[in-house]
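# Structure assessment
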Amino acid sequence: MQIPKRSLGGLEVGALGYGAMGLEGYYGGIDERNAIATLRHALDAGIDLLDTADAYGSGRNETLVGRAIADRRADATVATKIGIVFEPGENGTDLPTGWGFSLPINGRPEYVARAIDRSLRRLGVDVIDLLYLHYPDPAVPIEESAEAMARAVIAGKVRHLGLSNVTADEVRRAHGVHPIAAVQYEYSLWRREAERDLIPALRDLGVGLVPWSPLGAGFLTGGVASLPEGDFRRNNPKLTGDNLNSNLDRFAPLRGIAAECGLTPAQLALAWLLHRGPDVVPIPGTRRPEHIDENVAATRATLDEDVLLRIDAVAPLGAAVGQTLV
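What comes next concerns the included structure. (Residues numbered from 1 in each chain as written. Predicted model: local features only at pLDDT ≥ 70, side-chain atom pairs only at ≥ 80, totals over all residues. Heavy atoms only, no water.)

## Examining the overall build of the chain
For the chain, the helix and strand inventory stands at 11 helices and 11 strands. The globule rule puts the C-alpha radius of gyration for 326 residues at 20 Å, and the 19 Å found for the chain is close to it. For the chain, the spread of C-alpha atoms along the three principal axes comes to 50 × 40 × 40 Å. Residue burial in the chain is summarised as follows: out of 326 residues, 56% are buried. When contacts within the chain are restricted to residue pairs at least 6 apart in sequence, long-range pairs at least 24 apart make up 76% of them. Just so you have it, the chain exposes about 13100 Å², and 49% of that area is on carbon and sulfur atoms. One way to put it: in the chain the 33 positive side-chain charges average out to a point 2 Å from where the 42 negative ones average out. (Helix = DSSP H or I, 4+ residues; strand = E, 2+ residues; numbered from the N terminus. Rg over C-alpha atoms; globule rule 2.2 N^0.38 Å. Buried < 20%, exposed > 50% of the residue type's maximum accessible area, 1.4 Å probe, protein only. Contact = heavy atoms within 4.5 Å. Areas by Shrake-Rupley, 256 points an atom, 1.4 Å probe, with all protein chains shown as cover. Lys, Arg positive; Asp, Glu negative; His and termini not counted. Charge placed at Lys NZ, Arg CZ, Asp CG, Glu CD.)

Quick look at the structure:
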């Protein structure tokens, strides 16, 4: 199966990627065999951009991706992220998330170098196609982190550089050190803040956008009315208490628009993102192969101007109740 191609700052990938974070049990359990089968199904469906991070599962997710692509390296564009400290003996700068916890972040050059080598080993690859800084370290100028990542490009360990969860100013500063191919940021129908400053800056620089959580942590599928104990999403202010009920009411009209278009709510949300520009490549994650096929079908959907205006009226910037910091 073929899906359209798009360019992330010169890196050609399918219009839809796959986010592997959900395979770590954050949204419910999945065994390793089924996780690998899901990753391979994504490749079979034409999704070549596989997104992981060293911190997902404390390294397990990278190992999982590595096993899935071991005999299919040519089919996969491997993207990973570094910078969240999870290894014993490593220190980081405390970064509040707004989800009820903080993350230890380390963007120091010596840590960046170690993290890259560890990711290469876990992934079982000679080169990482797209390497992101997961979060900028508040205690380290982003130029220093970018310089360390650039040295990995020169050494042949990395092909393209990316940033994640950054401001427009941080992108400009890092891009001045080494070309940035893509920025990963939360962007969807219920979190559109990237439209204010970040997206204009990316387009000025020729940098692609990779929306994480493009389905609003599953909310935009229409299937989240409550969350069980232990579900990671219960930390999300948009999905807790009265906020969840308010958001269900606010976004309910999207289901009707999707039905009129012959789409599922998830397909409408993805199609809307794909209509934001040819430099946007969402990375929805799922534990079910049939949802991969559903998502791929969204790349063939066409939304006319009237539909786009109706979507904007239902889900303008700032419509969702409950804010996160990063």
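## Here's the deal with unusual backbone geometry
As a rule of thumb, non-glycine residues mostly have phi less than zero, and peptide bonds are mostly trans rather than cis. Non-glycine residue Asn 165 carries a positive phi angle of around 55°. Looking at the secondary structure, you find Asn 165 in the loop between β9 (158-164) and α5 (168-175).

## So, the side chain of Arg 191
Examined against the element boundaries, Arg 191 turns out to sit in the loop between β10 (180-186) and α6 (198-205). In this structure Arg 191 comes out as buried when scored by relative accessible area, which is 4%. Among the polar contacts listed, one links the side chain of Arg 191 to the side chain of Glu 193, at a separation of 3.4 Å. (Polar contact = N/O pair within 3.5 Å; in protein donor to acceptor, adjacent residues only side chain to side chain.)

## Considering the sheet that holds strand β8 (residues 128-133)
One open sheet accounts for 7 strands, arranged β3-β4-β5-β8-β9-β10-β11; its pairing is parallel. Of all strands in the sheet, those bounded by a partner on one side alone are β3 (18-19) and β11 (208-212). (Pairing = 2+ DSSP bridges.)

## A closer look at helix α8 (residues 253-260)
Buried within α8 are the following residues: Leu 254, Ile 257 and Ala 258. One face of α8 carries all of its buried residues, which in axial projection span an arc of 100°. Across α8 from its buried face, at more than 90 degrees, point the exposed residues Ala 259 and Glu 260. Gly 262 sits one or two positions beyond α8 and adopts a positive phi of about 75°. (Arc of directions from axis to C-beta.)

## Focus: the nonpolar core
The biggest cluster of nonpolar side chains holds 87 residues, and the ones touching the most others in it are Tyr 18, Leu 163, Val 183, Phe 251, Leu 254, Leu 303 and Ile 311. Those residues in contact with Phe 251 that sit more than four places away from it in its chain are Leu 189, Trp 190, Phe 219, Leu 220, Val 314, Ala 315, Ala 319 and Ala 320. Core analysis: the second largest hydrophobic core is formed by 13 residues, Leu 8, Leu 49, Ala 79 and Ala 182 among them. (Core = buried A, V, L, I, M, F, W, Y, C linked by side-chain atoms within 4.5 Å.)

## A short note on the environment of Glu 260
In this structure, Glu 260 sits in helix α8. Considered as a pair, Glu 260 and Val 307 are 47 residues apart in the sequence and their alpha carbons are 9.6 Å apart. At 3.0 Å, the side chain of Glu 260 forms a polar contact with the side chain of Arg 310.

## Observations regarding the pairing of strand β1 (residues 5-8)
The alternating pattern of β1 places Arg 6 and Leu 8 on a buried face, while none of Lys 5 and Ser 7, on the opposite face, is buried. As judged from the 4 bridges shared by β1 and strand β2 (residues 11-14), these two strands associate in the antiparallel manner. Along β2, the bridge assignment pairs Ser 7 with Glu 12.

## Some remarks on the packing of helix α2 (residues 60-68) against helix α3 (residues 109-123)
Remark: α2 packs on α3, axes separated minimally by 7 Å, with the N-to-C direction vectors making an angle of 45°. In terms of orientation, α2 lies oblique with respect to α3. Between α2 and α3, the contacting residues are Glu 62, Thr 63, Val 65 and Gly 66 on the first element and Ser 119, Arg 122 and Leu 123 on the second. When grouped by side-chain class, the residues that make up the contact of α2 with α3 number 2 nonpolar, 3 polar and 2 charged. (Axes fitted to C-alpha atoms, helices over the stretch in contact; angles between N-to-C directions. Parallel < 35°, antiparallel > 145°, perpendicular 65-115°, else oblique. Nonpolar A, V, L, I, M, F, W, Y, C, P; charged D, E, K, R; others polar.)

## A word on helix α7 (residues 241-251)
Along α7, the positions that sit buried rather than exposed are Leu 244, Asn 247 and Phe 251. Buried residues of α7, seen end-on, are gathered within an arc of 65° and therefore sit on one face of the element. Every exposed residue of α7 that faces more than 90 degrees away from the buried side is listed here: Gly 241, Asp 242 and Asp 249. As for α7, its buried residues are in contact with α8 and α11 (305-314).

## Section: the side chain of Asn 295
Following the sequence through the fold, Asn 295 ends up in helix α10 (residues 289-297). A relative accessible area of 6% places Asn 295 in the buried class. Setting aside residues no more than four positions away along its own chain, Asn 295 makes contact with Leu 16, Leu 215, Leu 270 and Pro 284.

No statement about biological role is implied by the geometric values presented.
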